Amino acid sequence: MNGAVRHIAMWSGPRNISTAMMRSWGNRPDTFVCDEPLYAYFLRATGAPHPGADEIIRHYENDWQKVVDWLTGPVPEGKTVFFQKHMTHHMLPGIDRAWLGRVNNAFLIREPREVLTSYVRIMPNPTVEDTGLPQQLEIYHWVCRQTGRIPPVVDAAEILENPERMLRALCAGLGVEFVQAMLSWPPGPRATDGIWAKHWYGAVLESTSFQPHRPKNETVPAHLNAVLKESEELYHQLYQHRLRA
């Protein structure tokens, strides 16, 4: 399918390597990237007290139908690949899922213990829904059921352990050619970064490649033990479908 236009929706929960993945795809010469295009809609609809929420709602389109029309329309800047970094919890029940059949979906997962110990530094009382895992599993099953295709699932730790091998497998699963430019990128912010970068992205703004995976030994706070248990059950349902390169 080389040369064909591709709209790629990558679905991740928070505190993953989704921004590094956006950097990787954004370094391809054929690819335009966008950063969490449904975030403003999510914030307006839920009133979630995220850092900078009011500014985000004012700055970005918060009509989900208009956002979807853009995501499924022509690829900006004359590129042939439109890589869309999505948070699964932004895909609220009120959004018609039909547009998912018009894009190529992929799923980025991360072990919940690592997610939660990172998340609590910014928001101390996350719920299972805040991990994005229930929504991720729902979207995955919708895509499988409605498109008849098994979308690629990649695990963050395995990408960090061998970026080239896993990115080659991901590209093959999405019908695009792997290019070496995906393995490194210049440091610094991008015009395509959301204005929430100052709250969430931290060290990734200075990154130049995927960093080696370092297992975390931090303990999840006791009050989140039930959240961890449920999250792990959901994670393993997706993990069993991951790409094995």
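Throughout this document, residue positions are counted from 1 along each chain, in the order its sequence is written. Reporting of local features is limited, given that this is a predicted model, to residues whose pLDDT is at least 70; pairs of side-chain atoms are given and counted only at 80 or more, and all residues count toward the totals for whole chains, interfaces and linings. Derived side-chain values reflect all non-hydrogen atoms in the structure, with water molecules and hydrogen atoms excluded from consideration.

*Asks:* I'd like a description of the packing of helix 5 (residues 112–119) against helix 11 (residues 225–239), backed by residues and values.
*Replies:* As a packed pair, helix 5 and helix 11 sit with axes 9 Å apart at the nearest point and diverge in direction by 135°. Of the possible angle classes, the one that applies to helix 5 and helix 11 is oblique. Contact residues: Pro 112, Arg 113 and Leu 116 in helix 5; Val 227, Leu 228, Ser 231, Glu 232 and Tyr 235 in helix 11. Put simply, Ala, Val, Leu, Ile, Met, Phe, Trp, Tyr, Cys and Pro go in the nonpolar bin, Asp, Glu, Lys and Arg in the charged bin, and everything else, Gly too, in the polar bin. For the contact of helix 5 with helix 11, the residue count by class is 5 nonpolar, 1 polar and 2 charged. Each axis is a line fitted through C-alpha atoms, taken for helices only over the stretch in contact, and angles between the N-to-C directions span 0 to 180 degrees. Helical segments are the DSSP runs of H or I of at least four residues, strand segments are the runs of E of at least two, and each set is numbered from the N terminus. Any angle that is under 35 degrees is reported as roughly parallel, and any over 145 degrees as roughly antiparallel; angles of 65 to 115 degrees are reported as roughly perpendicular and all others as oblique. Contact criterion: two residues are considered in contact whenever any of their non-hydrogen atoms come within 4.5 Å of each other.

*Asks:* Describe the state of the cysteines, with residues and values.
*Replies:* Any two cysteine sulfur atoms within 2.5 Å of one another count as a disulfide. The final tally for this structure, using the stated rule, is 0 disulfides. In this structure Cys 34 is a free cysteine whose sulfur lies 17 Å from that of Cys 171, the closest cysteine sulfur available. We note that Cys 144 lacks a disulfide partner, and the nearest cysteine sulfur, in Cys 171, lies 20 Å from it.

*Asks:* An account of the packing of aromatic side chains is requested, with residue identities and associated values reported.
*Replies:* What counts as a ring pair is set by centres within 6.5 Å for rings of Phe, Tyr and Trp (its six-membered ring), and what kind of pair is set by the plane angle: stacked under 30 degrees, edge-to-face over 60, tilted for all other angles. Within this structure, the stated rule accounts for 10 aromatic pairs. Ring geometry for Trp 25 versus Phe 83: centroids 5.2 Å apart, planes at 10°, classification stacked. Placement of Trp 25 in helix 1 (residues 18–26) and of Phe 83 in strand 3 (residues 81–87) is noted, with a sequence separation of 58 residues between them. Each residue is placed in one exposure class: buried if its accessible area under a 1.4 Å probe, protein chains only, is under 20% of its type's maximum, exposed if it is over 50%, and partly exposed if it falls in between. For Trp 25, a relative accessible area of 0% corresponds to the buried category. Residue Phe 83 is classed as buried on the basis of its relative accessible area of 1%. Within the aromatic cluster, the residues linked to one another by ring pairs are Phe 32, Trp 70 and Phe 82.

*Asks:* Now, about helix 7 (residues 133–147): what can you tell me, with residues and values included?
*Replies:* Expected helix span is taken as 1.5 Å per residue step, with the number of steps being one fewer than the number of residues. If you check helix 7, its first and last C-alpha atoms are 21 Å apart, about what 15 residues at 1.5 Å a residue would give, namely 21 Å. The set of residues buried in helix 7 consists of Leu 133, Gln 135, Gln 136, Leu 137, Ile 139, Tyr 140, Trp 142, Val 143, Cys 144 and Thr 147. Buried residues belonging to helix 7 abut strand 1 (6–12), strand 4 (104–109), helix 5, helix 6 (128–131), strand 5 (153–155) and helix 11. Taken from the residues just after helix 7, Gly 148 is the one with a positive phi, measuring 75°.

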